[in-house]
Amino acid sequence: MTKSFAPIAANGLNHWFGEGETRKQALYDLNFEIERGSLTILMGPSGSGKTTLLTLMGCLREVQRGNLSLLNHELHGSDEALKISLRRRLGFIFQAHNLHESLTATQNVLMGLQVHENGSSHRGDVKQQEKAARHILSILGLEDRLDYLPAKLSGGQKQRVAIARALVSTPDIVFADEPTAALDKDTGLRVVELLKEMGRERGTTTVMVTHDNRILQMADRILTMDEGHLFEGAHT
Amino acid sequence: MTRLLARLLGRLPIGWLQLTHHKGRFATALAGVAFANVLVFVQLGMMGALTGSTLQPYGLFDADILISASDSNSLSEGGNVARVHMLQALSLPQVQSGTPVYISKVDWRIAENRIANLQLVGLPMEAIEFIAPALRPQLLHLSVADSALIDRKTRGGNEEFFNTLSPETPAIFEMNNQEVRLVGTLEMGAGFSADGNLIMSDQSVFRLSPSRSSSAPDHILLKVQEGASIEATVNVLQQILPNDTLKVRSFSQAGADEQSYQTSERPVGIIFGFGTLVGIMVGIVIVYQVLSTDVADHLKEYATFKAMGFNSAFFLSLIFEEAMILAIFGFFPGMFAASGIYALIGMKSGLPVGLTLSRAAMVFFGTLIACAISGAVATRRLAHADPADLF
Ligand SMILES: Nc1ncnc2c1ncn2[C@@H]1O[C@H](COP(=O)(O)OP(=O)(O)OP(=O)(O)O)[C@@H](O)[C@H]1O
Ligand SMILES: [Mg+2]
């Protein structure tokens, strides 16, 4: 993989919701490139289109008009198989943790690794995978909660498990929507530090929606959305 | 179990973990599958008993060809077949011998308030060659007027009493206002149309049922000459005998015909067939309910898996994992319960019900298939898991 291409690049990207009368434009002619290994923060008022953009970049929504390139693959008109294989190289941190109630913290994180093994012949690596899962949970301060079911974890702890699940596979790009909302300040900072470290060491690119001021200071770049338009820098 | 499944599947056994997470729900689901299995087993058991008891009377005889009235579907429900047709048949060189068979019903008061309805089979004493070889020695005792052999498995009968019967120490009962001497037993079994069987000489039958005429038996049995083809002889007989009033079939074909008649045209057979279907439907609905509830309850988690890049094959294997677990863990308790019920039915009714390995295997695979179908249908609900809704 050459370092020259931008992991994410948009060109004339537009998006609409609804049909006919109720059709409403959510994104207007977005043009941007995001640099490999960087931490980009996306800001903007409620309803400005941040989540819409995130889901488009994350291959969770069809691109309707314009071009959006992800890890050097054009998403406009791409088939489902390509999207699935691209998603496996991404890490998602949702506002809701969505952990599986019947899986322990470690097992939930393990799922983040097994998606890459799924269907392949890499059996018997479970020990190795479990080690990796426990390791990242420890980094996030959950070494004494490894075998807890989600029901026995606090909201912040659940969110940390979800973050560990997204990061354990060392994805190429991480998309996070208000990931630190449920976390206390210190843990929130630890998570962002971890993301920055992954950016430096492995070139992991992060795009994060947040309004947390302390995190804003750690960003490599800040983008602001307003009524579906994208602006460089922080416009508050 | 978790480790074993993990090894088997090459991934976390999420289906297993998820099913066992809600213990109460899991137990209910298994009870439901087991119940469906019991339903199917009992219906198939009754169906098996029906076919089994249908063929039992055939086992009494040793014949090649059966001539019956054209509207007769059953050995036990004959019609009037003019005896002259036997003589016509015997005129063919390939037919070696023949005998008329008389069949009717008679009530036997076993005890004060207990009556068994017996199928009465009568045939001439000189026709002993038409009786299954193993039963021939017993038959010789029937030459004494009014002697009869009673079916040991007669419903409501008593083992000890049957053991006391012999030509020297017969038990004498009154049937149709005639004395009948029970001089021995043979083993046939109750059916759905009678509680047991009673065998007599034709002469004894006529005394017991004065309305019967020796010229109009219910069926005619034939044996062909050694080396002669049964099928070819049947064909020739069909040519020379009136085919509007008579039905000529090989003896084995008649058994097969009656079996399919009893199971697919008679109400009892249809009811059991329908019952089997109901059992299967109940099973499919229960498993579908469990699986689709599971999917609906975890829509967000499944959407997360989708976002993470799990493909539809993964979801299919997950739902199938659950379906197979329900099938396997529900089958065995169902089978054990069914074998208990079989024993009970066999004891109470004298019907030949039993758990055969082939039936168990058939129901087991049927359960797997039914669960797989439910699983496949349940996965359709996964379409509602849209990862775009997660942010
Ligand atoms: N599934 C949808 N169907 C219809 N309209 C939608 C849908 N999702 C978003 N929208 C609309 O698109 C616009 C942008 O929404 P989006 O969720 O991207 O905003 P946001 O910047 O993430 O807001 P917030 O900060 O509140 O999360 C809004 O006007 C919203 O009503
Ligand atoms: Mg949003």
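Above this text is the structure in question.
Residues numbered from 1 in each chain as written. Chains lettered and ligands numbered in written order. Predicted model: local features only at pLDDT ≥ 70, side-chain atom pairs only at ≥ 80, totals over all residues. Heavy atoms only, no water.

Visitor: Before we move on, could you go through the overall build of chain A and cite the residues and values that matter?
Guide: Within chain A, the regular secondary structure consists of seven helices and 10 strands. Taking 2.2 N^0.38 as the reference for a compact globule, 236 residues should give roughly 18 Å; the C-alpha atoms of chain A span a radius of gyration of 18 Å, in line with that estimate. With respect to the principal axes defined by its C-alpha atoms, chain A has extents near 50 × 40 × 40 Å. Taken over 236 residues, chain A has a buried fraction of 56%. Restricting to contacts in chain A with at least 6 residues of sequence separation, those with at least 24 account for 70%. About 10,700 Å² of surface is accessible on chain A, with carbon and sulfur atoms providing 46% of the total. Charge separation in chain A, taken as the distance between the mean sites of 27 positive and 29 negative side-chain charges, equals 4 Å. (Helix = DSSP H or I, 4+ residues; strand = E, 2+ residues; numbered from the N terminus. Rg over C-alpha atoms; globule rule 2.2 N^0.38 Å. Buried < 20%, exposed > 50% of the residue type's maximum accessible area, 1.4 Å probe, protein only. Contact = heavy atoms within 4.5 Å. Areas by Shrake-Rupley, 256 points an atom, 1.4 Å probe, with all protein chains shown as cover. Lys, Arg positive; Asp, Glu negative; His and termini not counted. Charge placed at Lys NZ, Arg CZ, Asp CG, Glu CD.)

Visitor: Pulling in residues and values, what's your account of empty space enclosed by the protein?
Guide: On inspection of all chains with the given rule, the structure shows six cavities of 30 Å³ or more. Roughly 230 Å³ of internal volume is contained in the largest cavity. Taken together, the elements giving at least two residues each to the lining of the largest cavity come down to α3 (23-59), β7 (196-201) and α9 (251-264) of chain B. Among the elements that take part in the lining of the largest cavity, α3(B) stands out by supplying five residues, more than any other. Looking at side-chain class alone, the lining of the largest cavity contains seven nonpolar, 12 polar and three charged residues. Considering only enclosed or pocket space, the second largest cavity measures out at about 100 Å³ in volume. Lining the second largest cavity are 15 residues; nearest its centre among them are A:Leu90, A:Phe92, A:Arg165, A:Ala166 and B:Met308. For the lining of the second largest cavity, the secondary structure elements donating two or more residues are β6 (90-93), α3 (105-117) and α5 (155-167) of chain A together with α11 (299-308) of chain B. Of the residues that constitute the lining of the second largest cavity, the class distribution is seven nonpolar, five polar and three charged. (1 Å grid on protein atoms, 1.4 Å probe; cavity = no way out; pocket = protein on both sides within 12 Å on 5 of 7 lines; lining within 4 Å. Points joined across faces, edges and corners; volume = space filled by probe spheres on them. Nonpolar A, V, L, I, M, F, W, Y, C, P; charged D, E, K, R; others polar.)

Visitor: Before we move on, could you go through the sheet that holds strand β9 (residues 246-250) of chain B and cite the residues and values that matter?
Guide: All names here are of chain B. The nine strands lie next to each other as β5-β6-β4-β7-β3-β2-β8-β1-β9, forming an open sheet whose pairing is mixed. The open sheet is flanked by β5 (171-175) and β9, the only strands paired with a single partner. For this sheet, the mean inter-axis angle between neighbouring strands, taken without regard to orientation, is 35°. Here five bridges tie strand β4 (residues 147-151) to strand β6 (residues 178-186), and the two strands are oriented parallel to one another. When the sheet's bridge partners are listed, Ala148 is paired in β6 with Leu182. Sheet strands in contact with α9 are β1 (65-69), β8 (219-224) and β9, and its direction is about 105° off that of β9. (Pairing = 2+ DSSP bridges. Axes fitted to C-alpha atoms, helices over the stretch in contact; angles between N-to-C directions.)

Visitor: Pulling in residues and values, what's your account of the interface of chain B and chain A?
Guide: The partner chain A presents 31 residues to the 30 residues of chain B that form the contact. The three residues of chain B that bury the most area against chain A are B:Leu12, B:Met308 and B:Phe391, which together make up 28% of that side's buried surface. Run the count over chain B and chain A and you get zero salt bridges. In this assembly, chain B and chain A are joined by seven residue pairs in polar contact (both at pLDDT 80 or more). (Buried area = accessible area lost by both parts, 1.4 Å probe. Salt bridge = Lys/Arg side-chain N within 4 Å of Asp/Glu carboxyl O. Polar contact = N/O pair within 3.5 Å; in protein donor to acceptor, adjacent residues only side chain to side chain.)

Visitor: Run through the side chain of B:Lys223, naming residues and quoting values.
Guide: If you trace the backbone, B:Lys223 turns up in strand β8. Dropping the residues within four chain positions of it, B:Lys223 is found in contact with B:Asp62, B:Ala63, B:Asp64, B:Val95, B:Gln96, B:Ser97, B:Glu129, B:Phe130 and B:Arg136.

Visitor: Tell me about the sheet that holds β6(A), residues and numbers included.
Guide: Residue and element names in this part refer to chain A. Strand order in the open sheet formed by six strands is β6-β7-β8-β3-β9-β10, with mixed pairing between adjacent strands. A single partner strand is all that each edge strand has here, and the edge strands are β6 and β10 (229-232). In this sheet, neighbouring strand axes are inclined to one another by 20° on average, regardless of whether the strands run parallel or antiparallel. In this sheet, strand β7 (residues 173-177) lies alongside β6 in parallel orientation, the contact comprising four bridges. Bridge assignment links Ile93 to a residue of β7, and that residue is Ala176. Taken strand by strand, helix α1 (residues 50-57) contacts β3 (39-43), β6, β7, β8 (205-209) and β9 (221-226), and its axis lies near 155° from that of β7. Of the strands in this sheet, β6 and β7 are in contact with α5, which crosses β6 at around 170°.

Visitor: Explain the pairing of β3(A) residue by residue, including any values.
Guide: Two faces make up the sheet, and in a regular strand the side chains alternate between them. Residue and element names in this part refer to chain A. For β3, a buried count of five out of five residues is recorded, marking the element as mostly surrounded by other parts of the structure. Taking every second residue as pointing to the same face, both faces of β3 are buried, with Leu39, Ile41 and Met43 on one and Thr40 and Leu42 on the other. Direction of pairing for β3 relative to β8: parallel, over a ladder of four bridges. Residue pairing for β8: Thr40 is matched across the bridge by Val207. Alignment of β3 against β9, held across four bridges, turns out to be parallel. Residue pairing for β9: Met43 is matched across the bridge by Thr224.

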